[in-house]
Every structure is written in C-alpha cells, then in structure tokens.
There are 2 protein chains.
Amino acid sequence: MTEQGFIQPLFTVDNVMFAINNARLYVLLVKRAIAPYHNNWSLPGGFVDIALDKDVEACAMRKLKQKTGLTPAYLEQLEVFSGADRDPRGYSVSLAFFALLPYTPVSSQINSVSQASWWPFDQLTQLTLAFDHQLIIAQAHQRLQQKALYSMLPVFCLPATFTVGQLKMVIETILGKEIQRKSLMRRIEASDMFTLTEQKQVSGGRQAQLYQLKPGVDITHFSRNMGA
Amino acid sequence: MTEQGFIQPLFTVDNVMFAINNARLYVLLVKRAIAPYHNNWSLPGGFVDIALDKDVEACAMRKLKQKTGLTPAYLEQLEVFSGADRDPRGYSVSLAFFALLPYTPVSSQINSVSQASWWPFDQLTQLTLAFDHQLIIAQAHQRLQQKALYSMLPVFCLPATFTVGQLKMVIETILGKEIQRKSLMRRIEASDMFTLTEQKQVSGGRQAQLYQLKPGVDITHFSRNMGA
DNA sequence: CCTTAATAGTGTCACTAGGACACTATATTC
DNA sequence: GAATATAGTGTCCTAGTGACACTATTAAGG
C-alpha cells in the first residue's frame, strides 16, 4: 500500500537472453519451481530485492546470474508489460530486458529444483510458456532484428576477438537471411569501433583476420542500415 | 510485501509531454501539491490505480488527463528509472512515458491546489525539478530528436491537417537546426502516409497544400534519415 | 494594373551508402 | 602442385538525400 492507500501492482523483471550456436538462435529459459505455472518454462526473472539491487538493471543481472549462472555481455531495457490478467497472483508490471551473450552451455542445475536451458528460438512456438512470455520474446526478437540491421550489437554474441565470417554468420542467423560480406566489411570499417589483432584464425581456407573492440568504444551508438 | 517476503519498490509513472508553440519547444509540468518536493515543479505522473488502469499506458493517459486536462496525441514508453535514492520515500521504480500533442493552453487550475503549465524546454535548466525529472526530460528530449530524424512522429505536434511549412517548422524546432524543405517533401511522398486535402491554407504568400494522415496508417513504423 | 515581397513547390546535380557480383589472395588437402 | 575452400578487394549500379537555383501563386501597395 502506498501512502495514498492504493494497492501497488506487483513489479517484476524478466530477461530475454539470446545467444547463437551453430548458426541457430537460442533463448535462455528456466523451469519454474513454484506456482503459478509450476514446471512451465519461463523467462528468468523475479522480484526486485531493494537491499541487493542498486537499480533494475542490477536486478536483471543478479537474476540471470542466480538462475542461470550466466552474465550477459549486453543488457538493455526492452519494454514494460502490464495488466491485471498477465499474472494470476494479481495486477502485475514487468520490465523486460533484452540481453546478448556468446553461447555458453548452462549447468542446468544451479542450486535447487530449478532448471535452466537454451531453447532454439524457432522451436518456442511448440512450448507453453508461463505468463505472457511468448509475447515478450516475440517483442525482444523483433528488437534484436531491428538492431542487427542498423547497429553493431550482434558482436556481443561473439567472443572478444572474432572474424568477419563469424560476425556475418551471427547477423545472418538473427536476420534469417544472407547479407553481403562486402557490405559488412564496409560497416566494420566505417564504424571505427574495431581494430585488427596480430592473430589470424584457421577456418578451412585462407586464415581470417581477428578483430576486437577498440577500448572505450560505445557500441550502442552506431547507425546505418544493412540488408533492409 | 510479496509472497516471497520482500518489500516491493514503489512503482510510479511519469510523463514527459512535449508541444511546440511559436517555434519553441515546451514541456508540461505540474506543481506538486504534496510532499516530497512540495511546491516544486515536476512531471505529471503518479501511482497506478489497479482498479482504474487497464495497463501502464492507461495509467499514463489517466494521470495526464487528471493533472493537466490534456490527452496526448502520441504516447510511448521511454525508459524505467530506478534506485534507492531517487525518491525520499524509498526505493522507487518509475516508468517514464514520452508524449506529443499539438500545443493547447492548459487551464492551470484543475481541481485542487495543483497547477499545470507549459514550460519552454530551454528554460528548464533554471528550474529545480522534483526527483530525477531533469534527467528524465533530458532522455526524452534525446529520444524526440532521434525520432524526428528518422520518423514522422513530429506530425503529432500538429493538427489533423497541416502544411509542409508547419511540419518543417516543428522538425526544425525539435532538432534546433534547419532542414531542407525539398528533403521533407520527398519524405512525405516516400512515406506514403499522407494525402492531400482539397483545401489550402493562407500563409502570407502562395497558399499551401494541406496534408492529412491516411486512415489506418501506423505512423510509428517509418524510417529514413533526415539532416543527420 | 503592375511591381514587389513572401511563401510554396520543382528540377537537378553531386555525394554517399549499400547491393550485386566478379575478381584476387591464401590457406588446407590430397 | 592442382583442387577446393574460405578471406578479402574492385567496381558498377541504384537509391536517398543535401544543396541550391529555379518556377509558381498569393497578398499588399503604389
């Protein structure tokens, strides 16, 4: 209750974390250990702990770490989902986050009965997810595709050093269509965000140059289209 | 308290509503009638009423109507601001909305001691606003400028029918710099969102064509840069 | 009237980003 | 040392847009 005497809605945080493995897009889900939606798969999230979480971003990070053992390479606010009907416990407000990470196998048992696992994005329609999590994932996926077109965000799905070929694969997986290698190289050049390393990487043919992020670069502020 | 036994943070909604009058950008502020920040100017907002508000968007609309008498022509989620220190009443989470409206004078007295008024954006630095509202407004302004570059959102600052000259003025006011009339006309053409009306409008010289939004068009989904 | 000023709208050139795609380069494998 | 596979370049074409001079249409005032 607030000082006004109103009942406050439940406030929660949910995370849509994407990764790419073997040219497939995956989403991280956890099996719910408690009601409601007991034993259903759902997005990792939960309530803010005002003693532990500096802000909602810290809460999102903590929940991911706690429930999946992973720490995202990139995290941003997606959108707030709200209403009386999305949670059987009552009127609820959930801030969804959108996260990226290089693919890492999850140790499916963290500390309790709860279970975490990567699910191929294109198989999610076959699952019954908790709450409105299907909708949240759909929104997150749309945002991911948008940002793959006009930003360098997809590099967060790769290790610190990566090749143009790897980045091309990641972007193509996200967009679901081929892009021009040449265009991608022009973008890498134009962005001025990356430097060549001394090393090269074998890949079955000519060895590829390894790129890495320049120190102190804000990768979120780059524009220009690709394959629109 | 949740069933987990945690204390829930306070959840509120804040609105940054912009309008343009006489080639100046204005933000709508209200004078706080209660503590904290009693008598300080602040963004119109407040707590969700789970009995009245279908979702957070409905809450934002209701608060605007209630506190200022106005209904925005455009409303979208901006960002969540959160932390232990932004509200003296305790850990708080506020979802900020970003709203546009054709300029309308506000009847400064609504129903009580509270007072609403348009403030020129470029004078806000001289005011001491409640909470972190300066920051929220700064973020909203950045978003407004971004969207003015690559979308048609600024039309929501104009009446249902408008001329190219008016739209040019609105965009220039938002961006704080001149744009090419020709480029704007190309955009209007390319967007395929508007139709010419039969009417023309006097403006001291040749009469201008009046445009209006095509019915059923989703104005939020248009791209292309302008004056970047 | 006819001229001037003011605003509306067009024609067109140049520049740039990006798609398409053929070309060269360098590695592995047999 | 040829075949093959992947990496990287050269270059043409098109579309979007800034720049800016041009034409068009109105009101106001001699």
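For the structure, see preceding data.
Residues numbered from 1 in each chain as written. Chains lettered and ligands numbered in written order. Predicted model: local features only at pLDDT ≥ 70, side-chain atom pairs only at ≥ 80, totals over all residues. Heavy atoms only, no water.

1. A word on the packing of aromatic side chains
Residues and elements named next belong to chain B. One pass over the full model with this rule turns up 19 aromatic pairs over all chains. With a centroid separation of 6.3 Å and an interplanar angle of 80 degrees, the aromatic rings of Y74 and F98 are classed as edge-to-face. Remark: F98 occurs in strand β6 (residues 92–100) and Y74 occurs in strand β5 (residues 74–83); sequence separation between them is 24 residues. The two residues Y74 and F98 agree in class, both being buried. (Phe/Tyr/Trp six-rings, centres within 6.5 Å; stacked < 30°, edge-to-face > 60°. Helix = DSSP H or I, 4+ residues; strand = E, 2+ residues; numbered from the N terminus. Buried < 20%, exposed > 50% of the residue type's maximum accessible area, 1.4 Å probe, protein only.)

2. Focus on the relation of the copies chain A and chain B
Note on the chain copies: they are related by a rotation about an axis and a translation along it. Its rotation angle being 180 degrees, the transformation that places chain A on chain B also includes 0.0 Å of axial translation and leaves an RMSD of 0.0 Å. Here the transformation between the copies is reduced to the relation of a two-fold axis. (Least-squares fit on C-alpha atoms with pLDDT ≥ 70 in both.)

3. Considerations on the sheet that holds strand β9 (residues 194–201) of chain A
Residue and element names in this part refer to chain A. Strand order in the open sheet formed by 3 strands is β8-β10-β9, and the pairing between neighbours is antiparallel. Here the strands that pair on one side only, and so sit at the sheet edges, are β8 (161–162) and β9. In the sheet, β9 pairs with strand β10 (residues 208–213) via 5 bridges, with the strands oriented antiparallel. Each residue of the ladder has a partner; that of T195, found in β10, is Q212. (Pairing = 2+ DSSP bridges.)

4. Section: the nonpolar core
Core analysis: the largest hydrophobic core is formed by 45 residues, its most contacted members being F18, L29, F98, L100 and F194 of chain B. Elements supplying a minimum of two residues to this core: β1 (10–21), β2 (24–31), β5, β6, α2 (133–150), α3 (164–175) and α4 (181–191) of chain B. Once residues within four sequence positions are removed from consideration, F194 of chain B is found in contact with M152, V155, F162, I188, Y211, Q212, L213, K214 and I219 of chain B. Among the nonpolar cores identified, the runner-up in size contains 44 residues, and L144, I174, M193 and F194 of chain A belong to it. (Core = buried A, V, L, I, M, F, W, Y, C linked by side-chain atoms within 4.5 Å. Contact = heavy atoms within 4.5 Å.)

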